[in-house]
Amino acid sequence: MSEPAARPVLEARGIVKIFGQHRALDTVDFTANAGEVHALLGENGAGKSTLIKILTGAYQPDGGELLLDGQPISLRDPLHGQGYGIGTVYQEVNLLPNRSVAENLFLGRQPTRFGLVDRKKIDAQARELLSRYGLDIDVRAELSEYSVAVQQIVAIARAVELSGKVLVLDEPTASLDRNEVQRLFEVVRGLKANGLAIIFITHFLDQVFDLADRVTILRNGRKVASQALDTLNTTDVVRMMLGKDVAFEHHPTALAGATRGQVRVAFKGLNRKGLLPFDLTVHEGEVVGVAGLLGSGRTEVARLMFGVDGSDGGQILVDGQPVTIRNPAQAVAAGFGFCPEDRKIDGIFGDLSVRENIIIALQAKLGWFKALNREDQVELAGRYAEALDIRAANHDMPVKLLSGGNQQKVILARWLAIDPTFLILDEPTRGIDVGAHAEIVRTINRLREEGLALFVISSELDEVVAYSNRVVVMRDREMVAELDGDAIAPDAIVQAIAGTPQEARS
Amino acid sequence: MNRSLRPLLATALIFLFAYLLAVLQHPNMLSTRVLGNFLTDNAFLGIAAVGMTFVILSGGIDLSVGAVIGFTTVLVAVLIMWLNLHPILAFAIALIVATAFGAIMGAAIHYLRVPSFIVTLAGMFLARGGASVLSPDSIGIEHPFFTAVQKSYILLPGGGRLTVVGIIMLVVFAVAILLAHRTRFGSNVYALGGSETSAALMGVPVARTTISIYALSGFLAGLAGVVFSLYTSAGYSLNALGVELDAIAAVVIGGTLLTGGYGFVAGTFIGVMLQGLVQTYIVFDGTLSSWWTKIVVGVLLFMFIVLQRLVFRAGPRRT
């Protein structure tokens, strides 16, 4: 597309945001132009949501400045941002499910007559407003009676009506089907034609190429690139999202000639709604790495394997014997362990001690009536803390006081304590500092050498390459490629993730 | 049909059905006399339940209501009998105190981020204890104004009497219906009950609304106390014990969702009347223990909670 002199509406310059010791954003620049859809991309933890929260006023930056139409502004809260013309629509619609569509559109600015709300006027205006978005619905019905797609459009209508300069769409399509996405995009294109500056956050690359004019890519809190999309293809974008700027280091030494043992677990045609059936075997002493973008279905695979989500079909064999895994307890009984992606939500009991966090899975496996006595607990905790080099002043301190890397090792220790034969790690290096990355990678390598079968999901390609005997690549909720031996190279993985150009691009 | 109307409709049908059954057994119950007594006997409960409706709609709960009623009756009695104030002045002071008490609880709930359950539980002990400190014994109120008010009524066709306290309750309900359904304040109350985060993002003044809601509940509890003192001509610290629970029951039976966001003030009226109906039936029957009221209320409450669960569990129905 030829670009007439783009008019910047909202500009962020040199934004810095620090949480504790972690630099979530490091001198990031971002510009939203009028009449343009600007996509913001990045893996989890790249700083996308932090940047959005700063742009909308939910967070205040620790450095840098925001400019609206060239004037510096500082936003107290999202409401303040709305007043400046910056409206946001979130993935989970932030409207009132219990009120009518019309009231959701007009709450806070209802026309009144004699001090009483003029309902007829509100309904009429709401109908008129929504008709501009191609919606002809009963505006007096409760919002929750409509699909998420309709709710999204209502949310957009409200945001545009109230704000009207910048529209931030934060993963609006995550729970929409294909037709609904197209409907939403029609609305967004109309707004773009009206000169609104639109910021679009998603992890669906095809949607980015479908809708956006410009893309900014963040990685580890830094801006990697910001350029017009017509100069890029999918591979470029994936490379920028996942890759280091320098060439990847390959670690074939660790793996060359690694002898793998017998088949430990085999998944045959395992599937679930929204996830295509897959076959996978993992051997003793083997690490199978999983690469793929956020939303490609990698976490879903792990949850399915561990019985967190029930499967719709397929078979699981452990050491050649079929087993039934419908819940995590059965998975543990089959010798599985699972370190989930977000340890703060799914993994760590922050207020419990290091020792309690380590023994909890083992205790669950033993059952209520075989309580571990204190000496056993101390001994176990001590053994694993030493084996994994968990650095805590003592093992009775609450886990939440430990650093991210040490918390991750506590979870690892928890699962190692049940003596698993198959361990699933979902993003084991997420949110921990770079130095600890190497240590986790070393730990994974050592566990492999000890004969464990591991299934490791990671967005860090160089790490996947460093510890995997095989790499499975996922795209659009499907295992699309399996790389083995010498074929495991970051470039090959990037190619596989990007895949053939999506139809949106053809 | 708006699905939050369904529990209301169910309540109305149950009330009509129950009234029909009662009348079939005791034809005398179909008279304006009984109706007038209904309103008079349940006035204080109805007024307090209106305040409770707003609180529950916003997603909170107010356990202090009964205690505030008790406290108000004692305060009114003390002001009139010991300090010789005119009842109207005593009422005004009592209402201001009750409103301020509610506002302070609202502020504590909002600013200290303490659940309303806990704050109003503390308020309940404070008000009940405060009443006992003022006077541990019952104080009889004798004043010409009281006698005059108690003797005033509008004669209904059929010999029923619409008393002053009955009229006060009806006016409170009428104003509350307008306030809940036709004002911005009402919209904000429902918004808080729907989702406080969304409401704040949509520009609802959360602090002001929360404080107003509990101030309103305090004011209406105070008014219920005034009505109670007119009804019984006495102030006693143990008056209206557990009325907050009757009020909550009336609100829920009236079709308001206990978790907030859905419901109608008019439903609360039917909820109160339904409780009154059960009591009246027991009086007419003459052989039943008055505790049957509690049992019937308990059964109704359980039914409505199940009903709401069924109605509100359904997901989106249109696309």
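Criteria and cut-off values
Residues numbered from 1 in each chain as written. Chains lettered and ligands numbered in written order. Predicted model: local features only at pLDDT ≥ 70, side-chain atom pairs only at ≥ 80, totals over all residues. Heavy atoms only, no water. Helix = DSSP H or I, 4+ residues; strand = E, 2+ residues; numbered from the N terminus. Rg over C-alpha atoms; globule rule 2.2 N^0.38 Å. Buried < 20%, exposed > 50% of the residue type's maximum accessible area, 1.4 Å probe, protein only. Contact = heavy atoms within 4.5 Å. Areas by Shrake-Rupley, 256 points an atom, 1.4 Å probe, with all protein chains shown as cover. Lys, Arg positive; Asp, Glu negative; His and termini not counted. Charge placed at Lys NZ, Arg CZ, Asp CG, Glu CD. Buried area = accessible area lost by both parts, 1.4 Å probe. Salt bridge = Lys/Arg side-chain N within 4 Å of Asp/Glu carboxyl O. Polar contact = N/O pair within 3.5 Å; in protein donor to acceptor, adjacent residues only side chain to side chain. Nonpolar A, V, L, I, M, F, W, Y, C, P; charged D, E, K, R; others polar. Domains from an automatic or database assignment. Expected span 1.5 Å × (residues − 1). Arc of directions from axis to C-beta. Pairing = 2+ DSSP bridges. Axes fitted to C-alpha atoms, helices over the stretch in contact; angles between N-to-C directions.

Caption draft 1: Local environment of the overall build of chain B. Check the secondary structure of chain B and you find 14 helices and four strands. Radius of gyration (C-alpha) of chain B: 20 Å, near the 20 Å computed for a compact globule of 319 residues. Each principal axis of the C-alpha atoms in chain B carries an extent, and together these give about 65 × 50 × 30 Å. Relative to its full complement of 319 residues, chain B shows a buried share of 53%. Here the contacts in chain B between residues at least 6 apart in sequence split such that 80% fall between residues at least 24 apart. For chain B, the exposed area adds up to about 13800 Å²; of that, 71% sits on carbon and sulfur atoms. Between the averaged position of the 15 positive side-chain charges in chain B and that of its 8 negative side-chain charges there is a distance of 19 Å.

Caption draft 2: Examining the overall build of chain A more closely. Helix and strand content of chain A: 18 helices and 22 strands. Taking 2.2 N^0.38 as the reference for a compact globule, 506 residues should give roughly 23 Å; the C-alpha atoms of chain A span a radius of gyration of 25 Å, in line with that estimate. Over its C-alpha atoms, taken along the principal directions, chain A stretches across nearly 75 × 50 × 45 Å. The proportion of buried residues among the 506 residues of chain A is 56%. For chain A, restricting intrachain contacts to residue pairs at least 6 apart in sequence, the fraction spanning at least 24 positions comes to 67%. Carbon and sulfur atoms provide 49% of the accessible area of chain A, an area that totals close to 21600 Å². Separation of charge centres in chain A, based on 55 positive and 67 negative side chains, amounts to 4 Å.

Caption draft 3: Molecular detail of the interface of chain B and chain A. The interface of chain B with chain A comprises 30 residues on the first partner and 30 residues on the second. Counting each side, the surface lost to burial between chain B and chain A is near 2500 Å², with a carbon and sulfur contribution of 51%. Summed over the shared surface of chain B and chain A, the result is zero salt bridges. Viewed at the interface, chain A and chain B are joined by 11 residue pairs in polar contact (both at pLDDT 80 or more). Every element with two or more residues in the side of chain B that touches chain A is listed here: helix H8 (164-182), helix H9 (184-194) and helix H10 (196-201) of chain B. Broken down by element, the side of chain B that touches chain A gets its largest block of residues, seven residues, from H9(B). Within the side of chain B that touches chain A, the residues separate by chemical class into 11 nonpolar, 14 polar and five charged.

Caption draft 4: Examining the domain arrangement of chain A more closely. Residues and elements named next belong to chain A. Looking at the assigned domains, one finds that chain A contains domain 1 (8-98 + 142-232), domain 2 (247-335 + 420-506) and domain 3 (344-416). Contacts between the two partners involve 14 residues from domain 2, matched on the other side by 12 residues from domain 3. Between domain 2 and domain 3, a total of about 1100 Å² is buried, with carbon and sulfur atoms accounting for 70% of that surface. Here domain 2 and domain 3 share zero salt bridges between them. Counting across the interface, domain 2 meets domain 3 through zero residue pairs in polar contact (both at pLDDT 80 or more). Only strand E19 (422-426) and helix H16 (434-449) provide two or more residues apiece to the side of domain 2 that touches domain 3.

Caption draft 5: Representation of helix H6 (residues 178-193) of chain A within the structure. Residue and element names in this part refer to chain A. If you check H6, its first and last C-alpha atoms are 23 Å apart, about what 16 residues at 1.5 Å a residue would give, namely 22 Å. Within the span of H6, buried status applies to Glu180, Val181, Leu184, Phe185, Val187, Val188, Leu191 and Lys192. End-on, the buried residues of H6 take up no more than an arc of 160°, which puts them together on one face. Looking at H6, the residues exposed on the side facing more than 90 degrees away from the buried face are Arg178, Asn179, Glu186 and Ala193. Of the surrounding secondary structure, the elements contacted by the buried residues of H6 are strand E3 (36-41), helix H5 (148-162), strand E9 (166-170), strand E10 (197-201) and helix H7 (205-211). Directly beyond the C-terminal end of H6, a positive phi value near 95° is found at Gly195.

Caption draft 6: A look at the environment of A:Phe349. Residue and element names in this part refer to chain A. Within the secondary structure, Phe349 is located in the loop between helix H12 (343-347) and helix H13 (354-366). What makes Phe349 partly exposed here is its relative accessible area of 39%. Remark: the alpha-carbon pair of Phe349 and Lys400, spanning 51 residues in sequence, is separated by 7.8 Å. With residues near it in sequence (within four places) discarded, Phe349 still touches Asn357, Ile360, Val399 and Arg414.

Caption draft 7: Structural context of the side chain of B:Ser116. Secondary-structure assignment places B:Ser116 in helix H6 (residues 116-134). Looking at B:Ser116, the relative accessible area reads 12%, which means it is buried.

Caption draft 8: Structural view of unusual backbone geometry. Residues and elements named next belong to chain A. One non-glycine residue with positive phi stands out, namely Asp319, at about 50°. Assignment of secondary structure puts Asp319 in the loop between strand E16 (313-318) and strand E17 (321-323). Positive phi is not limited to glycine here, since Asp419 has a value of about 60°.

Caption draft 9: Focus on the sheet that holds strand E4 (residues 63-68) of chain A. Residues and elements named next belong to chain A. A sheet is described by the order of its strands in space; here four strands give the open sequence E2-E1-E4-E5, paired in antiparallel fashion. Across the chains shown, the open sheet's two edge strands, defined by having one partner strand only, are strand E2 (22-33) and strand E5 (71-73). For this sheet the average axis-to-axis angle between neighbouring strands, irrespective of direction, equals 25°. Pairing analysis gives eight bridges linking strand E1 (residues 8-19) to E2, with the strands arranged antiparallel. Residue pairing for E2: Leu10 is matched across the bridge by Ala32. Here helix H1 (residues 48-56) sits on the sheet and contacts E1, E2 and E4; the angle it forms with E2, its principal contact strand, is near 60°.

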